[in-house]
Amino acid sequence: MDCIGIIGYGHMGSMLVDGFLSSGVLGIDEVVVTSRSRESRDACAAAWPGIGIAGTNSELARRCRTIILAVRPQEVMEVLREIVPVMDGDEHIVSLAAGISLAELEGLFPGQVTRVIPTITSTVGQGTTLVCHGRQTGMQDASRVEGLFSSIGNVMLVGEEELPAATILSSCGPGLLAAIIEELADATARASGLTTDRALSLATETTAATAAYLRKTGEAPGDLVGRVATGGGVTEAGVKRLRERLPGVFDEAVAAMLERYGAVGK
Ligand SMILES: NC(=O)c1ccc[n+]([C@@H]2O[C@H](COP(=O)([O-])OP(=O)(O)OC[C@H]3O[C@@H](n4cnc5c(N)ncnc54)[C@H](OP(=O)(O)O)[C@@H]3O)[C@@H](O)[C@H]2O)c1
C-alpha cells in the first residue's frame, strides 16, 4: 500500500495526523509516523491505536512513497540526508519547512519535491495551506498532496517567490493575530474594571465576528471602519491613534519576519 509517512510528531506532525485521520481522507493503515524521541512516538501510538509507527526515519522511508518532513528547518537537510540512501527515487518528498528552498531539497533528492506551509488553524478545519510543487512533481502526486491538505482547510497553490509573504499571512498570521487580541484585551482590562478573562473573551469573539462579517459581505476593511466609527465618536478616536503608529509597527514586524525567513535553517 502507498502509505503517507510523517517524520516529526511536533505541533505540525500531530496536527496533520489528527486532521488526516479525523477527516477520513486517510485510514489508520495508510499512515506511518516517526519522531526523534520515544515519548513522541509513544504519544502518537496512544492517540491513534493501530497507526504505523516506524522506529527510525530510514524505516519510515522504506515503508512510504509520500514522505512529509515535519521537522524544524534546521533539521530538514539532516533528515533528508539520512533517508535518501534507502529511497528508490520515485518517492514524493513534502517539506513543511519555512525557508528551505525547492533547490536545496532537490540538491539532495533530485526527484518529486513539494513545499507545503500548513497553518495551525487547520486544527479547527479553517485557514489556508500553501502548496508549491517542484518541477519534477507529477500531476498525480501533486493532486494527491493537494487533496490531503484540502481535507483540513483551504489549499492555495503559490509560486516559490510568493511563499515568504504568503507564509507571513496564512501561517504566521494566527500567531500575529493572537498577539494582537491579547494586547487589545490586556489594554482594555488595564484601563477598566473588566477582568482579563472577560476582556479576552470579548476580544476573541469580536475578532471572529469581524472576520466572518468581512468574509460574508466582501466589504473592504476600510469601509467597515467607516460604518463603525461614527463621526466624532469613540471608535474614531482609537482608529486615529492606531493609524498613526501601526503602519510603522507592521513594517518593522514584516521586515523582521522576512529577514528571519531568509536565515532560518541555515
Ligand atoms: N508551527 C507552525 O505553525 C508551522 C506552520 C507552517 C510550517 N511549519 C513548519 O513545520 C515544521 C515543523 O514545525 P513544528 O512547529 O511542528 O515544530 P516542532 O513542534 O518543534 O516539531 C518538530 C518535531 O520534529 C521532531 N524531530 C526533530 N529532529 C528529528 C529527527 N532528526 N528525526 C525525526 N524527528 C525529528 C521532534 O521530535 P521529538 O518531539 O520526538 O523530539 C519534534 O517533535 C517546521 O519546519 C516549520 O517551519 C510550522
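Because the structure is predicted, anything quoted here is derived from the model rather than measured.

## Re the pattern of salt bridges
- Counted under the stated rule, the structure contains 12 salt bridges.
- Note that Arg144 and Asp2 form a salt bridge whose closest N and O atoms lie 2.9 Å from each other. Of the two residues, Arg144 is situated in helix α6 (residues 139-150) and Asp2 in the segment before β1 (3-7); the sequence distance between them amounts to 142 residues.
- Judged by relative accessible area, which is 26%, Arg144 ranks as partly exposed.
- Between Glu219 and Arg227 there is a salt bridge; the shortest N-O distance is 2.9 Å.
- Relative accessible area serves as the criterion here: at 15%, Glu219 is assigned to the buried category.

## With respect to the layout of surface pockets
- Estimated volume of the second largest pocket: approximately 1100 Å³.
- Looking at the second largest pocket, it is lined by 40 residues, and the ones nearest its centre are Met12, Ala70, Val71, Arg72 and Pro73.
- Of all the elements in the fold, those that place two or more residues in the lining of the second largest pocket are α1 (11-23), α2 (38-47), α4 (73-83), α7 (163-190) and α10 (234-263).
- Here the residues of the lining of the second largest pocket are counted per class, giving 19 nonpolar, 14 polar and seven charged.

## Here we look at the site of the ligand
- Close to the ligand lie 24 residues; His11, Met12, Ser37, Ser40 and Val71 are nearest.
- Within the backbone of Gly10, an N or O atom sits 3.2 Å from an oxygen atom of the ligand.
- For the ligand, an oxygen atom lies 2.8 Å from a polar atom in the side chain of Ser35.
- Applying the majority rule of atoms within 2 Å of the grid points places the ligand in the second largest pocket.
- At the level of secondary structure, the elements contributing two or more residues to the shell around the ligand comprise α1 and α4.
- With four residues, α4 is the single largest residue contributor to the shell around the ligand.
- Class assignment of the residues belonging to the shell around the ligand gives a composition of 12 nonpolar, eight polar and four charged.

## Focus on the environment of Leu21
- Relative to the helices and strands, Leu21 is located in helix α1.
- For Leu21, a relative accessible area of 11% gives the class buried.
- Separated by 30 residues in the primary sequence, Leu21 and Ile51 have C-alpha atoms spaced 9.9 Å apart.

## Considering the nonpolar core
- The biggest cluster of nonpolar side chains holds 30 residues, and the ones touching the most others in it are Ile7, Ile67, Leu69, Val76, Ile83 and Ile93.
- Mapped by element, the contributors of at least two residues to this core are β1, α3 (57-63), β4 (64-69), α4, α5 (102-108), β6 (112-117), β7 (128-133) and α7.
- The biggest single contributor to this core is α4, with five residues.
- If we ignore the near neighbours within four places in the chain, the residues touching Ile7 are Thr34, Asn57, Leu60, Ile67, Ile68, Leu69, Ala70, Val71, Val79 and Ile83.
- One finds Tyr9, Ile51, Ala70 and Leu148 within the second-largest nonpolar core, a separate group that totals 23 residues.

## What to know about a nonpolar patch on the surface
- Nonpolar side chains collect at one region of the surface, where Leu176, Leu177, Ile180, Leu242, Leu246, Val249 and Phe250 lie side by side and expose about 560 Å² of accessible area between them.
- Elements with a contribution of two residues or more to the nonpolar patch: α7 and α10.
- Considering each element in turn, the nonpolar patch owes the most residues, four residues, to α10.
- Under the relative-accessibility criterion, Phe250 is labelled partly exposed at 37%.

## What to know about the UniProt feature "domain: Pyrroline-5-carboxylate reductase catalytic N-terminal" (unreviewed entry) in the protein chain
- Mapped onto this structure's residue numbering, the UniProt feature "domain: Pyrroline-5-carboxylate reductase catalytic N-terminal" (unreviewed entry) falls at residues 4-99.
- Secondary structure within residues 4-99 divides into 43% helix and 21% strand; the distance between the first and last C-alpha atoms comes to 23 Å.

So, how was this worked out
- Residues numbered from 1 in each chain as written.
- Predicted model: local features only at pLDDT ≥ 70, side-chain atom pairs only at ≥ 80, totals over all residues.
- Heavy atoms only, no water.
- Salt bridge = Lys/Arg side-chain N within 4 Å of Asp/Glu carboxyl O.
- Helix = DSSP H or I, 4+ residues; strand = E, 2+ residues; numbered from the N terminus.
- Buried < 20%, exposed > 50% of the residue type's maximum accessible area, 1.4 Å probe, protein only.
- 1 Å grid on protein atoms, 1.4 Å probe; cavity = no way out; pocket = protein on both sides within 12 Å on 5 of 7 lines; lining within 4 Å.
- Points joined across faces, edges and corners; volume = space filled by probe spheres on them.
- Nonpolar A, V, L, I, M, F, W, Y, C, P; charged D, E, K, R; others polar.
- Near = heavy atom within 4 Å.
- Polar contact = N/O pair within 3.5 Å; in protein donor to acceptor, adjacent residues only side chain to side chain.
- Sits in = over half its atoms within 2 Å of the grid points.
- Core = buried A, V, L, I, M, F, W, Y, C linked by side-chain atoms within 4.5 Å.
- Contact = heavy atoms within 4.5 Å.
- Patch = residues over 30% accessible without salt bridge, like charges linked within 9 Å, V, L, I, M, F, W, Y side chains within 5 Å.
- Areas by Shrake-Rupley, 256 points an atom, 1.4 Å probe, with all protein chains shown as cover.
- UniProt positions renumbered as here; feature names shortened; annotations may be inferred.

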